[in-house]
Amino acid sequence: FEMLSPQTPPRKKSEPNRKITDLSQAEIEQRLELQKTNIYHDLVEGNLILKQGIIEKKKGIFPRRRMLLLTLGPHLYYADPVTMCLKGEIPWSEDLKSEAKNFKKFFVHTPNRIYYLEDPDGYALEWCKAIDEVKTHYYPLQQS
Ligand code: 4IP
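Structural notes, computed from the coordinates. (Residues numbered from 1 in each chain as written. Predicted model: local features only at pLDDT ≥ 70, side-chain atom pairs only at ≥ 80, totals over all residues. Heavy atoms only, no water.)

## Here we look at the overall build of the protein chain
Inclusion rule: Working definition: helices are DSSP H or I runs of at least four residues, strands are E runs of at least two. Numbering for both runs from the N terminus. What makes two residues a contact is simply this: any of their non-hydrogen atoms within 4.5 Å. Accessible surface area values rest on a Shrake-Rupley calculation with a 1.4 Å probe, where residue burial reflects the displayed protein chains alone.
Broken down by element type, the protein chain carries two helices and seven strands. Listed by position from the N terminus, the elements making up the protein chain come as α-β-β-β-β-β-β-β-α. Partitioning the intrachain contacts of the protein chain with sequence separation of at least 6 by distance along the chain shows that 40% fall at a separation of at least 24. When the accessible surface of the protein chain is split by element, carbon and sulfur atoms take 53% of a total near 9300 Å².

Below you can see the structure in the form of structure tokens.
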């Protein structure tokens, strides 16, 4: 089938080599349209959400349950899923680095702060991979 096809067929999401940022302008627009039904759409300033999920953000005594939203821009917003308020964002720069500690715990290093995050569902590696792909997309000349 591949040989008969004159063009490379659009890569499917399930293809392991497809990066989270591998999106045509048309795909971005199509997904933005679909995103309007996402309850977090109004919090992400019109940016396309690439990945979202509930995480625990550890700071001070009590960990905070937050919806983490990785978007084009790039941005890493976090919102309170109960009040639906945007609580903040992890600042992006070429120096941002993800680090998985295990399947649940991962860190996001920024120049001024290390964010201690935990994915209760155990997708920490997926988070780090997605963050790394976004980093490479926006800062291609940096070493990861
Ligand atoms: C808060 O803890 C929450 O963890 C905040 O998280 C956090 O802000 C505050 O850190 C921290 O003091 P307490 O409510 O127990 O005091 P969130 O904003 O998600 O609610 P950020 O957003 O920065 O993690 P400070 O130092 O940023 O205020």
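## Some remarks on the site of the ligand
Going by this rule: Proximity is defined per residue: any heavy atom of the residue falling within 4 Å of a molecule or strand makes that residue near it. We define a polar contact as two N or O atoms separated by no more than 3.5 Å, with the added condition that, inside protein, one atom must be a possible hydrogen donor and the other a possible acceptor, whereas residues neighbouring each other in sequence contribute only through side-chain atom pairs. Three residue categories are used. Nonpolar comprises Ala, Val, Leu, Ile, Met, Phe, Trp, Tyr, Cys and Pro, charged comprises Asp, Glu, Lys and Arg, and polar comprises the others, including Gly.
The immediate surroundings of the ligand are formed by Lys57, Lys59, Arg64, Arg66, Tyr78, Lys87 and Arg113. Within the side chain of arginine 64, a nitrogen or oxygen atom sits 2.8 Å from an oxygen atom of the ligand. Contacts to the ligand include tyrosine 78, whose side-chain N or O atom sits 2.6 Å from an oxygen atom. Here the shell around the ligand is composed, by residue class, of one nonpolar, no polar and six charged.

## Topic: the sheet that holds strand 3 (residues 75-80)
Strand pairing within a sheet occurs via backbone hydrogen bonds; the two strands may be parallel or antiparallel. Rule in force here: Any two strands with at least two DSSP-identified bridges between them are counted as paired. To obtain each axis, a line is fitted to C-alpha atoms, and for helices this fit is confined to the stretch in contact; angles are then taken between N-to-C directions over 0 to 180 degrees.
One open sheet holds the seven strands; their spatial order is 4-3-2-1-7-6-5, and the pairing between them is antiparallel. The open sheet has two edge strands, strand 4 (85-89) and strand 5 (97-100), and neither has a second partner. Geometrically, the sheet is characterised by an average inter-axis angle of 35° between neighbouring strands, direction not taken into account. Sheet analysis places strand 3 next to strand 4, joined by four bridges and oriented antiparallel. Residue pairing for strand 4: tyrosine 78 is matched across the bridge by glycine 88.

From the geometry alone we can't say anything about function, so treat these as descriptive.
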